[in-house]
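Residue-level structural notes
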Amino acid sequence: PVEVDIPASISLIRERKFGEAIREIKEKNSLPAICGRVCPQEEQCQANCTVGKIGDPVSIGRLERFVADWERERGYETPQRSAPTGKRVAIVGAGPAGLTAAADLVKLGHEVVIFEALHKPGGVLIYGIPEFRLPKKIVEAEAEYVGKLGVAIKLNAMIGRLYTLDELLRQFDAVFIGTGAGLPQFLQIPGENLCGIYSANEFLIRVNLMK
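Here the structure is a predicted model, which is why all the values come from computation and not from measurement.

**Notes on the overall build of the protein chain**
- Helix and strand counts for the protein chain come out as nine helices and four strands.
- The C-alpha extent of the protein chain, read off along each of the three principal axes, is 55 × 50 × 30 Å.
- The burial tally for the protein chain puts 36% of its 211 residues in the buried class.
- Contacts spanning at least 24 positions in sequence make up 68% of the contacts within the protein chain whose residues lie at least 6 apart.
- Just so you have it, the protein chain exposes about 12,800 Å², and 55% of that area is on carbon and sulfur atoms.
- Separation of charge centres in the protein chain, based on 26 positive and 26 negative side chains, amounts to 4 Å.

**Description of a nonpolar patch on the surface**
- There is a patch of nonpolar side chains on the surface, built from Y198, F203 and V207 and spanning about 280 Å² of accessible area.
- Relative to the elements of secondary structure, Y198 occurs in the loop between β4 (174-177) and α9 (200-210).
- A relative accessible area of 40% places Y198 in the partly exposed class.

**Some remarks on the layout of surface pockets**
- In this structure, the largest pocket occupies an estimated 620 Å³ of space.
- Residue lining of the largest pocket: 26 residues in total, with G123, V124, T179, G180 and G182 positioned closest to the centre.
- Put simply, the parts of the chain that give the lining of the largest pocket at least two residues each are α5 (96-107), α6 (124-127) and α9.
- Ranked by residue count, the leading element in the lining of the largest pocket is α9, at four residues.
- Residue composition of the lining of the largest pocket, grouped by class: 15 nonpolar, nine polar and two charged.
- For the lining of the second largest pocket, the secondary structure elements donating two or more residues are α1 (6-14), α3 (32-38), α4 (60-74) and α5.
- Looking at the lining of the second largest pocket, the element that brings in the most residues is α4, giving four residues.
- Class assignment of the residues belonging to the lining of the second largest pocket gives a composition of 17 nonpolar, seven polar and four charged.

Scoring rules and cut-offs
Residues numbered from 1 in each chain as written. Predicted model: local features only at pLDDT ≥ 70, side-chain atom pairs only at ≥ 80, totals over all residues. Heavy atoms only, no water. Helix = DSSP H or I, 4+ residues; strand = E, 2+ residues; numbered from the N terminus. Buried < 20%, exposed > 50% of the residue type's maximum accessible area, 1.4 Å probe, protein only. Contact = heavy atoms within 4.5 Å. Areas by Shrake-Rupley, 256 points an atom, 1.4 Å probe, with all protein chains shown as cover. Lys, Arg positive; Asp, Glu negative; His and termini not counted. Charge placed at Lys NZ, Arg CZ, Asp CG, Glu CD. Patch = residues over 30% accessible without salt bridge, like charges linked within 9 Å, V, L, I, M, F, W, Y side chains within 5 Å. Salt bridge = Lys/Arg side-chain N within 4 Å of Asp/Glu carboxyl O. 1 Å grid on protein atoms, 1.4 Å probe; cavity = no way out; pocket = protein on both sides within 12 Å on 5 of 7 lines; lining within 4 Å. Points joined across faces, edges and corners; volume = space filled by probe spheres on them. Nonpolar A, V, L, I, M, F, W, Y, C, P; charged D, E, K, R; others polar.

What follows is the structure, given as structure tokens:
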């Protein structure tokens, strides 16, 4: 879906050129350690793997995870940025959409500032996905990488209280809104408003915040 050149990255991994492989993946995907863990590869890239016609498809997600972890253990390589464009972009929300948009925009030479309402970047990756499924240290490392690209991440900065959208548009050339899907869809059944009944989102956020 993000147009990673999968044959090229697999070829580099086969040749044990892991540094070149992760650079190839990051040409299109700025969060490979996360995508390698939680994306539904079996329904997306692996579903189209031709090897899957005669057996099990190539484990593309695991390969992506492997080279991403290989790079994290050795230190991130910061890619060369384009010449500054003089344009400023505000990103509302430091979830996966906001982090991805910020990384892509800053590599194009724009000045990018993320405004995150909570006290850690990551959004649903931090507050919605359990630790066993996606370790917090992985999300923190990926967010730190985006910061090293040159993105400014402002935490505890709730847009609407700190600035209105109109105020942001007076300060920035463009605004990307990536606030996520925080409001639940209830089933409209009797008893769903009783004490002790939680939406899935609220339950996961409580578990992540309260340990």
